[in-house]
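For reference, the chains in residue letters:
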Amino acid sequence: MEASLSFRSSSFLHLTPTSFSPHFPAKLRLTRLKRSNSAEKHQNLSILIGKACGSDENGSVNGFPVLPNKIFMEEAIGAEYGEGFETFRPDGPLKVDVDFLNDRLQEGFLQRIRYAMKPDEAYGLIFSWDNVVADTGALKLNAWKQLASEEGKEIPQDDNVQRLLLYAGADHVLDKVLLWGRVQNDLDRLKLRLSQLYCHNLVQLSEPVEGLKEWLDAVASSHIPCAVVSTLDRRNMVEALERMGLKKYFQAIVSEEDGMDSIAHRFLSAALKLDRKPSKCVVFEDDPRGITAAHNCTMMAVALIGAHPAYDLGQADLAVASFNELSVINLRRLFAHKGSSFMEMEKQIIETTPSRRKLTIDTIF
């Protein structure tokens, strides 16, 4: 289903990694140091760590350039007014927004009959990679600590600083928070090294978030399609999912190669790959910004409490402490108030029709 779309709009839109022009240089130097005799040793170490995560001498990881600002950045929410993304086809560019997808991904007659008998199959589940599928927060903090150790510096243990390490951009943290680099060359070198350390830690990742595998087993038994979205490149994503034993559960993957510029655009791309209209999708997130993006796309949002406290996730349609608290019936309850359009219209007409006056003998005479 991921390689080609199975619905009638497949003729006008097809997402491929090559559909989007890259916005990054073809080559990235691993080190640009002007230090004493240790520069060559540090460069060899950088190349060694890079190869550990699939990086070559040109600074690419598994054939794709390393993008430090994509991994360690605060992404835009996106779709604030329902706007989508622009893709290309032979006859020119095509604008894909929320209303467009909700309209073009409407179920056909046979699909409606099938979903009436098996309503769970009408849904699509979208999982954010960070802290929902994998505990990437620990990986990022570990990468920062390793970078500080290599540079002979210390990271403050203040809670606000620790939160910025996870959610703020690397440029902001290095320049404004930690004050490690005042020269652009130093900032570029530190960001690149930070991404290499993160990739190295990612290779060691082998366990998913607690309860996720059991939840995906329950979802698979109900034949509900699932997608995972991330800023990582596709090869690293697939390898990580295979190590965790989760690859078989996801019918679609949205990665860096899809060229999405915001969180909401990643969700819309996932809905498109799952062949489900956005209003029938459920997003699993741990970040309030991701929940806002899901609602901007007319999707439901289930918040995972952990990285953020429960009071920060109040806008979610459902908040749980772990996947162990979920069941498939929770998905039905999320959409229970929606119903079908023609039933809602009929109900509205009945409610607005005034009651008829009963005629009695006293009324006639």
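All values reported here derive from a predicted model rather than from experimental measurement.

Participant: Can you walk me through a nonpolar patch on the surface in this structure?
Facilitator: A cluster of nonpolar side chains, contributed by Phe 109, Leu 110, Ile 113 and Met 117, occupies part of the molecular surface with about 490 Å² of accessible area. Checked against the element boundaries, Phe 109 lands in helix H4 (residues 109-117). Exposure remark for Phe 109: the relative accessible area of 58% places this residue in the exposed category.

Participant: Please clarify how the packing of aromatic side chains should be interpreted in this entry.
Facilitator: Geometrically, a pair of aromatic rings is defined through the distance of the ring centres and the angle of the planes. For the structure shown, the criterion picks out six aromatic pairs. Seen from their ring centres, Phe 127 and Phe 284 are 4.6 Å apart, and the 5° between their planes marks the pair as stacked. Highlighted residues: Phe 127 in strand S5 (residues 124-128) and Phe 284 in strand S8 (residues 281-285), separated in sequence by 157 residues. The pair Phe 127 / Phe 284 is uniform in exposure class, with both members buried. Aromatic rings pair up to connect Phe 127, Trp 215, Phe 250, Phe 284 and Phe 323 into one cluster.

Participant: Before we go on, may I ask you to explain the packing of helix H11 (residues 263-274) against helix H12 (residues 288-296) in this structure?
Facilitator: Helices that pack against each other are described as a pair by the angle of their axes relative to one another and the distance between those axes. The geometry of H11 relative to H12 is characterised by a closest axis approach of 8 Å and an angle of 55° between their N-to-C directions. Taken together, the axes of H11 and H12 are oblique relative to one another. Crossing handedness for the pair H11 and H12: right-handed. Residues Ile 263, Ala 264 and Phe 267 of H11 touch H12, and the partners they reach there are Arg 289, Gly 290, Ala 293 and Ala 294. Of the residues belonging to the contact of H11 with H12, the class tally is five nonpolar, one polar and one charged.

Participant: Help me out: how do you make sense of the packing of helix H5 (residues 136-151) against helix H8 (residues 184-203) in this one?
Facilitator: At a closest axis distance of 9 Å, the pairing of H5 and H8 adopts a crossing angle of 130°. With respect to H8, the element H5 is oriented oblique. The way H5 lies across H8 gives a crossing that is right-handed. Residues Thr 136, Leu 139, Lys 140, Asn 142, Ala 143, Trp 144, Gln 146, Leu 147, Glu 150 and Glu 151 of H5 form the contact with H8, whose participating residues are Arg 189, Leu 190, Arg 193, Leu 194, Leu 197, Tyr 198, Asn 201 and Leu 202. Per-class residue counts for the contact of H5 with H8 are nine nonpolar, four polar and five charged.

Participant: Is there a simple way to explain the pattern of salt bridges in this structure?
Facilitator: Side-chain pairs of opposite charge can arise whenever the charged atoms involved come near each other. By the definition in use, this model includes 10 salt bridges. Between Asp 120 and Arg 332 there is a salt bridge, with its nearest N and O atoms 2.8 Å apart. Of this pair, Asp 120 sits in the loop between H4 and S5 while Arg 332 sits in helix H13 (residues 328-334), placing them 212 residues apart in sequence. Judged by its relative accessible area of 8%, Asp 120 is buried.

Participant: Can you help me understand the sheet that holds S8 in this one?
Facilitator: Two pairing modes exist for strands in a sheet, parallel and antiparallel, and in both the strands are linked by backbone hydrogen bonds. Read from one edge of the open sheet, six strands run S7-S6-S5-S8-S9-S10, paired in parallel fashion. Strands at the two margins of the open sheet, each flanked by one partner only, are strand S7 (252-254) and strand S10 (318-320). Going across the sheet, the axis of each strand differs from the next one's by a mean of 20°, ignoring polarity. With three bridges joining them, strand S9 (residues 300-304) and S10 adopt parallel strand pairing.

Participant: Before we go on, may I ask you to explain the environment of Ser 230 in this structure?
Facilitator: Note that Ser 230 resides in the loop between strand S6 (226-229) and helix H10 (234-244). Once the C-alpha coordinates of Ser 230 and Glu 256 are considered, the two residues, 26 residues apart in sequence, prove to be 7.0 Å apart. Those residues within four positions of Ser 230 in sequence are excluded, and the remaining contacts are Trp 129, Met 237, Val 254, Ser 255, Glu 256 and Arg 266. A polar side-chain atom of Ser 230 sits 3.0 Å from the main-chain amide nitrogen of Leu 232.

Participant: I'm lost on helix H9 (residues 212-221) in this one. Help?
Facilitator: An α-helix turns once per 3.6 residues; consequently, residues spaced three or four apart project the same way. Buried within H9 are the following residues: Leu 212, Trp 215, Leu 216 and Val 219. The buried residues of H9 occupy an angular sector of 100° when the element is viewed end-on, so they sit on one face. Of the exposed residues in H9, the ones pointing more than 90 degrees away from its buried face are Glu 214 and Ser 221. In this structure, the buried side of H9 is in contact with S5, S6, S8 and H13. Note on H9: the residue one or two positions beyond its end, His 223, has a positive phi of about 60°.

Participant: Before we go on, may I ask you to explain the side chain of Thr 136 in this structure?
Facilitator: Topologically, Thr 136 is positioned in helix H5. Apart from residues no more than four positions distant in its own chain, Thr 136 is found in contact with Trp 129, Asp 130, Asn 131 and Tyr 198.

Participant: Please clarify how the environment of Glu 257 should be interpreted in this entry.
Facilitator: Structurally, Glu 257 can be placed in the loop between S7 and H11. Spatially, the C-alpha atoms of Glu 257 and Arg 234 are 6.9 Å apart, while their sequence positions differ by 23 residues. At 3.0 Å, the side chain of Glu 257 forms a polar contact with the backbone nitrogen of Arg 234. At 2.7 Å, the side chain of Glu 257 forms a polar contact with the side chain of Ser 255.

Thresholds, definitions, all that
- Residues numbered from 1 in each chain as written.
- Predicted model: local features only at pLDDT ≥ 70, side-chain atom pairs only at ≥ 80, totals over all residues.
- Heavy atoms only, no water.
- Patch = residues over 30% accessible without salt bridge, like charges linked within 9 Å, V, L, I, M, F, W, Y side chains within 5 Å.
- Areas by Shrake-Rupley, 256 points an atom, 1.4 Å probe, with all protein chains shown as cover.
- Salt bridge = Lys/Arg side-chain N within 4 Å of Asp/Glu carboxyl O.
- Helix = DSSP H or I, 4+ residues; strand = E, 2+ residues; numbered from the N terminus.
- Buried < 20%, exposed > 50% of the residue type's maximum accessible area, 1.4 Å probe, protein only.
- Phe/Tyr/Trp six-rings, centres within 6.5 Å; stacked < 30°, edge-to-face > 60°.
- Axes fitted to C-alpha atoms, helices over the stretch in contact; angles between N-to-C directions.
- Parallel < 35°, antiparallel > 145°, perpendicular 65-115°, else oblique.
- Left-handed = near helix turned anticlockwise from the far one by under 90°.
- Contact = heavy atoms within 4.5 Å.
- Nonpolar A, V, L, I, M, F, W, Y, C, P; charged D, E, K, R; others polar.
- Pairing = 2+ DSSP bridges.
- Polar contact = N/O pair within 3.5 Å; in protein donor to acceptor, adjacent residues only side chain to side chain.
- Arc of directions from axis to C-beta.

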